[in-house]
Amino acid sequence: MNKKITRIKDIIFPNKKINYFVLTILILGVISGSIFLMVLNSTDKANVINQIQTFFTNINSSNINSGLAFKNSIITNLVYITLIWIFGMSIIGILLNVFLIYLKGFLLGFSIAAIFKCYGIKGILGVIVYIFPHQILNIFSILILGIYSIMFTIKLFEYMFSKKNNNMRNMLKKYSIIYLFTIFISIISSLSEAYLLPILMKIIIKLFI
């Protein structure tokens, strides 16, 4: 059992250095997003707070079109992970993917900070519901695909310039399987965001906010 768990762990997070690098970029993005809200001028902060309040009001009054929300979410998620997958197959793509990973963290940090700014300590449960499960799934898919994209780029660089005998066909196959896996995760995430999130948020709003 332990061997199977270790094997799965090694497949999902295959390179410690790259694992820590990608995770660090994501965390830096979250921190930067949180700080960015704090340095906005009062007008911009007011606009952000107004948008958050409007979002919560729409959920509370059931003004959310779940079908449309799912469509928008799945399109956004698929475009994001597809860009990472494509960029990973080019040498310069590693820089673009680092930016996309950072941007994902930045947007998450900004959203969390905005909810806290709007509702204070009462917003803790709102943040938890907002993050779990769909944002956790999104972060997981971005992390694993980001790790493999950087690994693939490094292998490609070695194959092209260092003349190392890397099995690129096998690496591309594995990379593509990971991409398909993240698509599956993204579909679950979008379903959760569109249909589960409004229900949980509505309960939190009525009870605590």
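What counts as what
Residues numbered from 1 in each chain as written. Predicted model: local features only at pLDDT ≥ 70, side-chain atom pairs only at ≥ 80, totals over all residues. Heavy atoms only, no water. Phe/Tyr/Trp six-rings, centres within 6.5 Å; stacked < 30°, edge-to-face > 60°. Helix = DSSP H or I, 4+ residues; strand = E, 2+ residues; numbered from the N terminus. Buried < 20%, exposed > 50% of the residue type's maximum accessible area, 1.4 Å probe, protein only. Lys NZ or Arg CZ within 6 Å of the ring centre and 35° of its normal. Lys, Arg positive; Asp, Glu negative; His and termini not counted. Salt bridge = Lys/Arg side-chain N within 4 Å of Asp/Glu carboxyl O. Polar contact = N/O pair within 3.5 Å; in protein donor to acceptor, adjacent residues only side chain to side chain. Contact = heavy atoms within 4.5 Å. 1 Å grid on protein atoms, 1.4 Å probe; cavity = no way out; pocket = protein on both sides within 12 Å on 5 of 7 lines; lining within 4 Å. Points joined across faces, edges and corners; volume = space filled by probe spheres on them. Nonpolar A, V, L, I, M, F, W, Y, C, P; charged D, E, K, R; others polar. Expected span 1.5 Å × (residues − 1). Axes fitted to C-alpha atoms, helices over the stretch in contact; angles between N-to-C directions. Parallel < 35°, antiparallel > 145°, perpendicular 65-115°, else oblique. Left-handed = near helix turned anticlockwise from the far one by under 90°.

(A) Region of interest: the packing of aromatic side chains. Considering all chains together, one arrives at seven aromatic pairs under this definition. Pairing Phe36 with Phe106 gives two aromatic rings, centres 5.5 Å apart and planes at 55°, and the pair type is tilted. One end of the pair, Phe36, is in helix H2 (residues 16-39); the other, Phe106, is in helix H5 (residues 93-119), with 70 residues separating them in the sequence. On the basis of relative accessible area, Phe36 is assigned to the partly exposed category, the value being 37%. Of the residues examined, Phe106 reaches a relative accessible area of 18% and is grouped as buried. Judged by centre distance (5.0 Å) and plane angle (20°), the ring pair of Phe152 and Tyr175 falls under stacked. Of this pair, Phe152 sits in helix H7 (residues 134-162) while Tyr175 sits in helix H8 (residues 168-208), and the two are 23 residues apart along the sequence. Among the residues examined, Phe152 registers a relative accessible area of 5% and is labelled buried. Ring pairs connect the aromatic residues Phe36, Tyr102, Phe106 and Phe110, which therefore count as one cluster. Lys104 extends its terminal NZ or CZ atom over the ring of Tyr80, reaching a point 5.9 Å from the ring centre.

(B) Structural view of the side chain of Lys45. Mapped onto the secondary structure, Lys45 falls in helix H3 (residues 42-60). Buried Lys45, no salt bridge; nearest opposite-charge side chain is Asp44, N-O distance 9.9 Å. Within the local environment of Lys45, its side chain forms a polar contact with the backbone oxygen of Met38, the two atoms lying 3.0 Å apart. The contacts of Lys45, once residues within four sequence positions are left out, are Leu37, Met38, Leu40 and Lys117.

(C) Quick look at the layout of surface pockets. Reported here for the largest pocket is a volume of approximately 540 Å³. Around the largest pocket, the lining comprises 22 residues; the ones closest to its centre are Ser73, Tyr130, His134, Gln135 and Glu193. Of all the elements in the fold, those that place two or more residues in the lining of the largest pocket are H3, helix H4 (66-87), H5, H7 and H8. Considering every element that reaches the lining of the largest pocket, the biggest residue donor is H4, with six residues.

(D) Structural detail: empty space enclosed by the protein. Under the definition given, this model contains one cavity of 30 Å³ or more. Taken as a whole, the largest cavity holds about 40 Å³ of empty space. Lining of the largest cavity is provided by Asn77, Tyr80, Ile81, Lys104, Asn138, Ser141, Ile142 and Ser186. Of all the secondary structure elements, the ones that give two or more residues to the lining of the largest cavity are H4 and H7. In terms of residue class, the lining of the largest cavity is made up of three nonpolar, four polar and one charged.

(E) Representation of H3 in the model. Relative to the 27 Å expected for 19 residues at 1.5 Å per residue, H3 spans 27 Å between its end C-alpha atoms, a close match to the ideal helical length. In this structure Asn41 caps H3, since a side-chain oxygen of it lies 3.1 Å from the backbone nitrogen of Thr43. Ser62 lies just past H3 and shows a positive phi near 60°.

(F) Just the packing of H5 against H7, in detail. Where H5 meets H7, the axes come as close as 10 Å, and the angle between the chain directions of the two elements is 165°. On the basis of the axis angle, H5 is roughly antiparallel to H7. Viewed along their axes, H5 and H7 form a crossing whose handedness is left-handed. The segment H5 lies against H7, with Ile94, Asn97, Ile101, Lys104 and Leu108 engaging Gln135, Asn138, Ile139, Ile142, Gly146, Ser149, Ile150 and Thr153. For the contact of H5 with H7, the class distribution of residues is six nonpolar, six polar and one charged.

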